[in-house]
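Working through the structure, step by step
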Amino acid sequence: MKLEVQDLRKKFGGFEALRGVSFSIPSGKTLALLGPSGCGKTTTLRVIAGLLKPDSGRILFDGEDVTELPPRQRNIGMVFQSPALFPNFTVRENIAFPLEARGKKPEEISRRVKEVTEMVELSGLEERRPHELSRGQQQRVAIGRAIASEVKLLLLDEPLTALDAGLRAEISSTIRMIQRKLGITTIYVTHDQLEAFAMGDFIATMFDGTIDAYADAQTMYAKPPTEKTARFLGFVNRLETSAEHLDPETIRLVFPGGEFKMKWHGSKTAGKVAVLFRPEDASISLEGEGLLDGELSSSMFAGRNTVTRVKTSQGMIECAGNDSSQYQAISGMAGRKVTVKIDLNKALLIETGKT
Amino acid sequence: MSLTRRLLILTPFFLFLFLFYIIPLLFLIGNVNQNDFISVLSDDYIHRLFYGTLAQAVLSTLITLILSLPVAFFLAKYSFKGKRVLEYVLLTTFFVPGFTIAEGLIVLLGEKGIINSLLSQLLATGEPVVKILYSIWAVVLAHVIYYVPLATLILEQGFSSVNQDLVDAARVFSGSTLRVFKTVYLNFLTPYMGAASLLVFAFSFITYSTPMLVGGRFTTLEVEIYATKFKPVSSSIALLQLLLTLLVSIIIILFREKYYAPFSTSRPVEEPVSRLFSSPSGILLAAYVAFIYVFELTPVAIPVISPFLETGRSFPGLFKELYDFKFGFGLSFNEVLFQSLSIALIVSAVSTLLSVAIVWSSKLSGGILEKIVSILMALPLTMSRSSLALGILLSYGFGVTRLYGSWILMTIGQSAVVVPLAARIIEASWSRVVKEYREAADAHGATAFFRLVRVEMPLIMPAVVASLLMAFSSSLSDFTFSTFFSTLNLMTLPVAVNLLIDYRRLNLALALTSLLTMLVIIVETAGSQFSKERLRLI
C-alpha cells in the first residue's frame, strides 16, 4: 500500500507540533523517520494511526483519504516504545487481540496466532503472561500483535529504545526480516541514526515539526540534502572557502595548505562554498601535510580512535581520523601547531553565496 | 468527536448530577422562605451556632496538625519491619464509624467512665475529675482522634517528598537546623500542610454524629438542620450551611488544582529506625509516637473489646440479648440488621455501577469535559450532608415521590455521597491503566466497548471490588442519612446504636458498636488489599 501524507498540521495549545508535514512511501517500503526528541516524529505517527486528529492535512492509503477514519478502520499495526502488552493477557491472547477485535472466526484466529508466534520465534511461550517474559520476548510479542491481522501499514515508534545493545541487533533483524517477508509498508520512528540506516529504505529527517530532508538511505548517508540534516548526521565540521570551476563537472577548492580538485554538479560560476565533513574523515598531522593550520586544543582516547580538537582560523575542528595507537604521541601536546588533513571526497559542499 | 456527542456520552454523569443533587437542591432552595432566610442570617442563635461550628473546626484542625507532624516525620524518615502494618493500624481509626470513637469517649470520659473512676480513686475525691464530655472539647477531642491519621498520612507524603540532596546541600552551606527546615522542609511541606488543614477543617465543619453523641448542649449547624428538619426554618439553615460548605469545597478544589501536586523525591530519605535510639531527641520522638498510637487506638479499642470483658455475661449471651431486642415501637433488632445489610448491599452495587459508568463516560469524552466531571465529582466530598439529606427528604420523601419511610430514600441519600468516593477510587485506578494499553487496543482495531470489556475492566477490577467494599462499609457506618430517613419501620444499625444509648442500654450499644466496627474494619482491610486506591481518597 502506498502511503501519502499531505501537509499535516497539529497544535497542542500554543505549541505547533506539526507544521506542514508531507511525504510519501512507495508500497512495501520502509521509511525511517529520524529526528531529535520533541521534533514531532511520534505525533506524526500517532496522527497516521488515527490516535490523534490533525488540525489540517490529509492521509491517503492507496489514494483513499483516511484522515477522518477512527484507528480501527485504518487496518494498521503498531509497536510502541514500551511493549504496551496487556498485562492480564497471555502471549496468545495478546497476539489474538487485533483478530478478536475485528471479529475473526476462532479457527482463523488460532491458525494466524500459530503462524505469527512462529514468525516472531515465540513458539512454546504462548501461555505465558508478559511479566513472565524477558524484555526482548515482550517486544517480539508486540511485533507479533502488530502483524497478526493482515495490516496495510506497520507503525513502529522507537521500538528498540528501551533495549540493550545485544537485544537491539536481535530485534531489529527480526523486524527487518518480517517487514521484507510480508512486504508491509512501514514507518520506523527513531532518534538513532544507526537504527534509521539499518531499517529504512528511505530516510526522512524531521526538525521542529517539519520534514527537513527526504532521500533513499544511501544518498542520505553520503550526501544529505540540507546542511541541517548533514550536521544532524554527523557532518559537524564546517569550513568556508572559495570554489572555482575548472570545467562543467570539476571545481577547485582553495585552502591555506593547498588546492583540491573535485567533482561538482552545482553552480557553474565560482563562489563561496561551505565544506562540511565528519570527524572520522579528518585527522591531524604533525608534519604539516594538511590543508589547514591550527593549534591542538585537546585530545581524548576513544577506544578505536583518538579524538582531537584543533583550533583554526575557521573555528574549532573535531578530528577522529587518527587511530588509538597515536594517542600516546598526541596526548600532552596541547598548544602545538598541527595541520588538519581532510578526506574531501567524503565531504559535502554547500553553496553559500557568490563572490 | 463533536461537542454534542461528547456531552451525550456524559449522560450517566448528568443523570447522577441531576437526580442526586440538582433536584434535591432545587427543592431545598424552593422551600426557602426569603424572610426566614434573612432572619436566619441575622439570628443571634444561628450566629452562635456558626461561630461554635467554626471554632471547633479551627481548634480541631490546629491540634490535629500539631499532633500529626512528629508522627508523620517519624513514619517518613525511618524504615523498619512492619512499617506498612503500623501505618495501616493508625488508619483504622479513620476508617471506623465516627460513632465508635464517640462511644469510646463516653466509656473513657463519662462521669463513671474509666478515667474518672481511676482519677477519683487516686485522688480520693469521689467526684468526676475530667468534665469535658458533652461539651465542645469532647467534640474537638473526637475530631482530633478521628483526623490525626488522615493528617499524618498526608504529611508523611510531604516529608517523603523532601529531596535529601537538597537537605544535604542546605546542611553543607548553612549548618543551622532552623535554616535547613525553613529553606528545604517548609518549602516541600507547605502544600501538604495546606491540604491536611483544609480537609480536616472541612470534615470538622460538616461534623454530625460526634456533636450529636458527645456534644451535649454544644451543637453545630449540621445537627441543627436535623433538629429542625420538619420546621420551615430548616431549609434556610440548610441553604446557609450549603453555601458555606460549597465555598470551602471550592477553596479545596482550587488549592488542589493550583498547589497540591505531589513531588517525587530523587533519593529516599529513610534511615534505619535504630539510629533513632542513639540520641535523647530520638528517644523522645519514639516515645511520642508510642503515646499517639495509644491515644488513637484506645477510643477505638474500648468499644470493641469492652463487651468481651464484661463480667458475668458471655459475649454470645450479650449478642443473643441484642438479637432478641425489640425497640419500643415494635421493630426488632434482627429486622434492623436485615434492613441495614440489605441497604448496604444495594448501595454498594448501585454506587459502583454508577461510578464505573460515570468514569468510563468521562474518559471517553476526554479533554476539558473529563476535567470538569472530575472537579464536579469532588465538590460533594466536603459538602453539607444534612442540607443534602433535607433536600432529598423534600424532593423524594415528600415531593416528586413520596418515599419517606422507604429503603429507596435511604439508598438515594447514601449513594449520593458514596458515588463520588467510589468514582475517585475507580478513576484513580483507570488513570493508572497505561495510556499505551488504550492506544494499543485502539490501534489494533478495538471499539470503545470492546476495549472496556477486554482491556480496561479486567485491569481496574481490583479497584471495582475495593469500591464495592468501601461503599458497603460506608453505608453500614452512615449516620447522617440514617438518622434523617429512619422511621418506626425502617432503621439502620447506627441509628440502633444511638437509640440504645438513649435507652441507657450502653452494654447493648457497645456490643452492637463492637460488631459493626469489627465488620467495617474487616471490610476496609479487605478493600485496601484489593486496591491501594482506597487510600488515595485521602
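Remember, predicted model here, so these are calculated numbers, not experimental data.

1. So, the overall build of chain A
Across its full length, chain A carries nine helices and 20 strands. In terms of principal-axis extent, the alpha carbons of chain A reach across some 75 × 45 × 40 Å. Burial statistics for chain A: of 355 residues in total, 49% are counted as buried. Accessible surface, chain A: about 15,700 Å² in total, of which carbon and sulfur atoms supply 48%. Side-chain charges in chain A split into 47 positive and 45 negative, and the spacing between the mean points of these groups amounts to 2 Å.

2. With respect to unusual backbone geometry
Unusually for a residue other than glycine, Glu121(A) sits at a positive phi of about 55 degrees. Looking at the secondary structure, you find Glu121(A) in the loop between α3 (106–119) and α4 (135–148).

3. Thoughts on the sheet that holds strand β5 (residues 64–65) of chain A
Residues and elements named next belong to chain A. Taken in spatial order, the four strands line up as β2-β1-β4-β5 in an open sheet, and their pairing is antiparallel. Edge strands, defined here as strands with exactly one partner in the open sheet, are β2 (15–25) and β5. Relative to strand β4 (residues 56–61), strand β1 (residues 3–12) runs antiparallel, the two being bridged by five bridges. Within β4, the position partnered with Arg-9 by the bridge is Ser-56. Its contacts with the sheet put helix α1 (residues 41–49) on β1, β2 and β4, and the angle it makes with β2 is roughly 65 degrees.

4. What to know about the packing of helix α19 (residues 407–432) of chain B against helix α21 (residues 448–477) of chain B
Residue and element names in this part refer to chain B. Contact geometry of α19 with α21 gives a least axis separation of 9 Å together with a crossing angle of 145 degrees. Considering how the two elements wind past one another, α19 and α21 form a crossing that is right-handed. Residues Gln-414, Val-418, Leu-421, Ala-422, Ile-425, Ile-426, Ser-429 and Trp-430 of α19 pack against Leu-452, Glu-456, Leu-459, Ile-460, Ala-463, Ala-466, Ser-467, Met-470, Ala-471, Ser-474 and Ser-475 of α21. Tallied by class, the residues present in the contact of α19 with α21 amount to 13 nonpolar, five polar and one charged.

5. Thoughts on the domain arrangement of chain B
All names here are of chain B. The domain architecture assigned to chain B consists of domain 1 (1–30 + 314–538) and domain 2 (53–219 + 269–304). Here the C-alpha centroids of domain 1 and domain 2 sit 28 Å apart. Every contact between the two is made by 29 residues of domain 1 and, on the other side, 24 residues of domain 2. When domain 1 packs against domain 2, close to 2,300 Å² is buried across both sides, 78% of that on carbon and sulfur atoms. For the pair domain 1 and domain 2, the interface holds zero salt bridges. Of all the secondary-structure elements, those providing two or more residues to the side of domain 1 that touches domain 2 are α22 (480–485), α23 (493–502), α24 (506–530) and α25 (533–536). Looking at which element gives the most residues to the side of domain 1 that touches domain 2, the answer is α24, with twelve residues.

6. Points about the interface of chain B and chain A
Of the residues lining the interface, 17 residues belong to chain B; the matching set on chain A comes to 22 residues. Where chain B abuts chain A, roughly 1,900 Å² becomes buried across the two surfaces, and 62% of that area is made up of carbon and sulfur atoms. Summed over the three residues of chain B that lose the most area to chain A, namely Glu436(B), His444(B) and Arg454(B), the buried surface amounts to 34% of that side. At the junction of chain B and chain A, the tally comes to two salt bridges. In this structure, the salt-bridge partner of Arg454(B) is Glu100(A), at a minimum N-O distance of 2.8 Å.

7. Points about the sheet that holds strand β8 (residues 185–190) of chain A
Residues and elements named next belong to chain A. If you walk across this open sheet you meet the six strands as β6-β7-β8-β3-β9-β10, and the pairing is mixed. Where the open sheet ends on each side, the last strands, each with one partner, are β6 (76–79) and β10 (210–216). Adjacent strand axes in the sheet meet at a mean angle of 15 degrees when their direction is disregarded. Where strand β9 (residues 202–207) and β10 come together, six bridges link them in antiparallel fashion. Note on β10: the bridge partner recorded for Thr-205 is Ala-213.

8. Regarding the domain arrangement of chain A
A common measure of how large an interface is: the accessible area buried when the components associate. All names here are of chain A. The domains assigned to chain A are domain 1 (3–232) and domain 2 (237–354). With six residues of domain 1 in contact, the opposing surface of domain 2 contributes seven residues. Of the roughly 670 Å² buried at the junction of domain 1 and domain 2 (both faces included), carbon and sulfur atoms supply 47%. Its largest share of buried area at the contact with domain 2, domain 1 owes to Tyr-221, Lys-223 and Glu-227, together 60% of the area lost on that side.

9. Focus on the pairing of β6(A)
Residue and element names in this part refer to chain A. With burial as the criterion, each face of β6 is covered, one bearing Ile-76 and Met-78 and the other bearing Gly-77 and Val-79. With four bridges connecting them, β6 and strand β7 (residues 153–157) associate as parallel partners. When the bridges of β7 are listed, Ile-76 appears paired with Leu-153.

10. Thoughts on the packing of aromatic side chains
Tallied over the full model, the rule gives 41 aromatic pairs over all chains. When the ring of Phe74(B) is compared with that of Tyr78(B), the centres are 6.0 Å apart and the planes differ by 40 degrees; the resulting orientation is tilted. Residue classification places Phe74(B) among the buried residues on the basis of a relative accessible area of 7%. Every member of this aromatic cluster is reached through a ring pair, and the members are Tyr88(B), Phe94(B), Phe95(B), Tyr146(B), Tyr147(B) and Phe203(B). In this structure, Arg278(A) is placed above the aromatic ring of Tyr221(A), and the distance from its NZ or CZ to the ring centre is 4.1 Å.

11. Topic: the side chain of Glu439(B)
Structurally, Glu439(B) can be placed in helix α20 (residues 435–443). Note on Glu439(B): relative accessible area 9%, which makes it buried.

12. Overview of the packing of helix α5 (residues 83–95) of chain B against helix α14 (residues 280–309) of chain B
All names here are of chain B. With their axes 9 Å apart at the nearest point, α5 and α14 run at an angle of 50 degrees to one another. Taken together, the axes of α5 and α14 lie oblique to each other. Handedness of the α5/α14 crossing: left-handed. Across the interface between the two elements, Leu-86, Glu-87, Val-89, Leu-90 and Thr-93 of α5 pack against Tyr-293, Glu-296, Leu-297 and Val-300 of α14.

13. Observations regarding α3(A)
What sets the pattern is the α-helix's 3.6 residues per turn: residues three or four places apart point alike. Residue and element names in this part refer to chain A. Taking 1.5 Å per residue as the helical rise, α3 with its 14 residues ought to reach 20 Å, and the 20 Å between its terminal C-alpha atoms agrees with that figure. Within α3, burial applies to Ile-109, Arg-112, Val-113, Val-116, Thr-117 and Met-119. Viewed along the axis of α3, the buried residues span an arc of 150 degrees, placing them on a single side of the element. Those residues of α3 that are exposed and aimed more than 90 degrees away from the buried face are Glu-107 and Lys-114. Tucked into the core, α3 has its buried residues touching α2 (91–101), α4 and α5 (165–182). Looking one or two residues beyond α3, the residue adopting positive phi is Glu-121, at roughly 55 degrees.

What counts, and where the lines are drawn
- Residues numbered from 1 in each chain as written.
- Chains lettered and ligands numbered in written order.
- Predicted model: local features only at pLDDT ≥ 70, side-chain atom pairs only at ≥ 80, totals over all residues.
- Heavy atoms only, no water.
- Helix = DSSP H or I, 4+ residues; strand = E, 2+ residues; numbered from the N terminus.
- Buried < 20%, exposed > 50% of the residue type's maximum accessible area, 1.4 Å probe, protein only.
- Areas by Shrake-Rupley, 256 points an atom, 1.4 Å probe, with all protein chains shown as cover.
- Lys, Arg positive; Asp, Glu negative; His and termini not counted.
- Charge placed at Lys NZ, Arg CZ, Asp CG, Glu CD.
- Pairing = 2+ DSSP bridges.
- Contact = heavy atoms within 4.5 Å.
- Axes fitted to C-alpha atoms, helices over the stretch in contact; angles between N-to-C directions.
- Left-handed = near helix turned anticlockwise from the far one by under 90°.
- Nonpolar A, V, L, I, M, F, W, Y, C, P; charged D, E, K, R; others polar.
- Domains from an automatic or database assignment.
- Buried area = accessible area lost by both parts, 1.4 Å probe.
- Salt bridge = Lys/Arg side-chain N within 4 Å of Asp/Glu carboxyl O.
- Phe/Tyr/Trp six-rings, centres within 6.5 Å; stacked < 30°, edge-to-face > 60°.
- Lys NZ or Arg CZ within 6 Å of the ring centre and 35° of its normal.
- Parallel < 35°, antiparallel > 145°, perpendicular 65-115°, else oblique.
- Expected span 1.5 Å × (residues − 1).
- Arc of directions from axis to C-beta.

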